[in-house]
Amino acid sequence: MRHAKFAGRFALLIVIGLFGPPGPRPSEAEEPLNLDDFQLTFAEDFNTLDASAWGENGSRWIAHTPWNGDFGDAQFTDPMDGFPFTVNDGILRIEARKDADGKWRSGLLASTNPKGEGFSQTFGYFEARMKLPPGKGVWPAFWLIGLDRSKFTSEIDVIEYYGRAPGEFSMGYHVWRPSNQHTTDGHLTNVPEGSLSSNYHTFGVDIGPQKSTFYLDRNPLWSFDTPPEFHMPFYPLVNLALGSGWPIDETPNPSYLLVDYIHVYQRKNLISAKND
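Residues numbered from 1 in each chain as written. Predicted model: local features only at pLDDT ≥ 70, side-chain atom pairs only at ≥ 80, totals over all residues. Heavy atoms only, no water.

With an unreviewed UniProt entry as reference, the protein is termed Beta-glucanase (GH16 family), source organism Rhizobium viscosum. As its UniProt record puts it under Sequence similarities (unreviewed entry), the protein is described as follows: "Belongs to the glycosyl hydrolase 16 family." (UniProt positions renumbered as here; feature names shortened; annotations may be inferred.)

> Can you walk me through the overall build of the protein in this structure?
Of the regular secondary structure elements, the protein holds three helices and 19 strands. Evaluated residue by residue, the protein yields a buried proportion of 54% over its 276 residues. Counted over contacts in the protein with a minimum sequence separation of 6, partners at least 24 positions apart contribute 69%. For the protein, the accessible surface area stands at approximately 12100 Å², while carbon and sulfur atoms represent 48% of it. (Helix = DSSP H or I, 4+ residues; strand = E, 2+ residues; numbered from the N terminus. Buried < 20%, exposed > 50% of the residue type's maximum accessible area, 1.4 Å probe, protein only. Contact = heavy atoms within 4.5 Å. Areas by Shrake-Rupley, 256 points an atom, 1.4 Å probe, with all protein chains shown as cover.)

> Explanation requested: the packing of aromatic side chains in the structure shown.
Note on aromatic pairs: each is described by the distance of the centres and the angle between the planes. Across all of its chains, the model carries 20 aromatic pairs by this definition. Look at Phe42 and Trp61: their rings are 5.9 Å apart centre to centre, the planes differ by 75 degrees, and that puts the pair in the edge-to-face class. With Phe42 in strand β1 (residues 38–44) and Trp61 in strand β3 (residues 61–62), this residue pair connects regions lying 19 residues apart in the sequence. For the pair formed by Phe42 and Trp61, the shared burial category is buried. Look at Phe71 and Trp139: their rings are 5.7 Å apart centre to centre, the planes differ by 65 degrees, and that puts the pair in the edge-to-face class. Linking Phe71 in the loop between β3 and β4 (75–76) with Trp139 in strand β11 (residues 138–146), this pair joins segments that are 68 residues apart in sequence. The exposure class of Trp139 is buried, given its relative accessible area of 1%. An aromatic cluster is built from Trp67, Phe71, Phe76, Trp139, Trp143 and Tyr162, whose rings are joined through pairwise contacts. Above the face of the Phe83 ring, Arg97 is positioned so that its terminal group lies 4.0 Å from the ring centre. Note that Arg164 overlies the ring of Trp246, its terminal NZ or CZ placed 4.1 Å from the centroid. (Phe/Tyr/Trp six-rings, centres within 6.5 Å; stacked < 30°, edge-to-face > 60°. Lys NZ or Arg CZ within 6 Å of the ring centre and 35° of its normal.)

> Whenever I open this one, the pairing of strand β5 (residues 85–88) confuses me. Can you help?
Regular strands place their side chains on alternate faces of the sheet. Pairing of β5 with strand β6 (residues 91–98), which is carried by four bridges, proceeds in the antiparallel orientation. Counted as the bridge partner of Thr86 is Arg93 from β6. Linkage of β5 to β6, two consecutive antiparallel strands, is achieved through a turn of two residues, within which Asp89 is found at a positive phi near 55 degrees. (Pairing = 2+ DSSP bridges.)

Written out as structure tokens, the structure is:
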């Protein structure tokens with residue numbers, strides 16, 4: 001994601017070359033995530049879709065980044081009848097397609113509007129269950145942005161997927177500053193080739209006061225020390241972008257990202273401490 005999504009080939013360099021040695025993996029003793037320790041605080045099951053361009057009608061979702069910083073080689077489009085968002089049987093479909101004029105259009109959803117209104121949460125477990133599109137040039141993502149961007153932008157990429165590499169996906173975090181001082185780290189995960197497009201999987205991150213952990217199908221993959229810049233509310237975004245510096249001349253037209261749900265949980269002990 002360049003401010004919050006990567007731009008152009010910078011994204012590729014970050015993923016494969018500039019992270020340096022990967023951060024420590026969770027210990028082998030760490031078990032899969034136990035949601036018994038959490039309380040559900042945000043449930044979007046896409047039985048319907050409450051979305052507008054900018055939240056002008058008080059909708060739950062807006063169709064652009066709140067700071068009007070859209071990205072990629074497909075224009076994020078205001079919701080229209082049947083495009084780029086449709087819901088059917090509890091599944092959100094985000095469609096990317098090329099218009100008759102040769103211009104690609106697609107969709108993004110964010111849970112906070114430009115005024116900061118909407119859903120956001122400090123700490124907790126953020127999860128999306130999705131089936132990713134196959135094909136070169138697709139660039140789907142589920143990610144989080146810190147609510148207060150007055151001094152810096154905090155970003156967590158729960159999953160970024162590049163269709164040119166169907167056997168891997170990346171996760172990571174960033175603190176973007178106006179001074180161009182950029183704090184970042186991340187992890188590349190190998191998976192059976194094509195498995196993220198053939199089946200649904202859950203992608204999640206548990207943000208804690210001291211440590212944060214990324215999960216695939218609720219199994220821990222990679223942890224990092226929570227930066228102080230992450231002690232603020234975050235809100236989720238989901239999108240199907242194209243490009244990121246890779247050609248899109250072979251991208252399937254249309255392409256679809258399928259989202260079963262987006263859920264957010266809070267640890268019960270943090271809720272209890274807040275209420276004391």
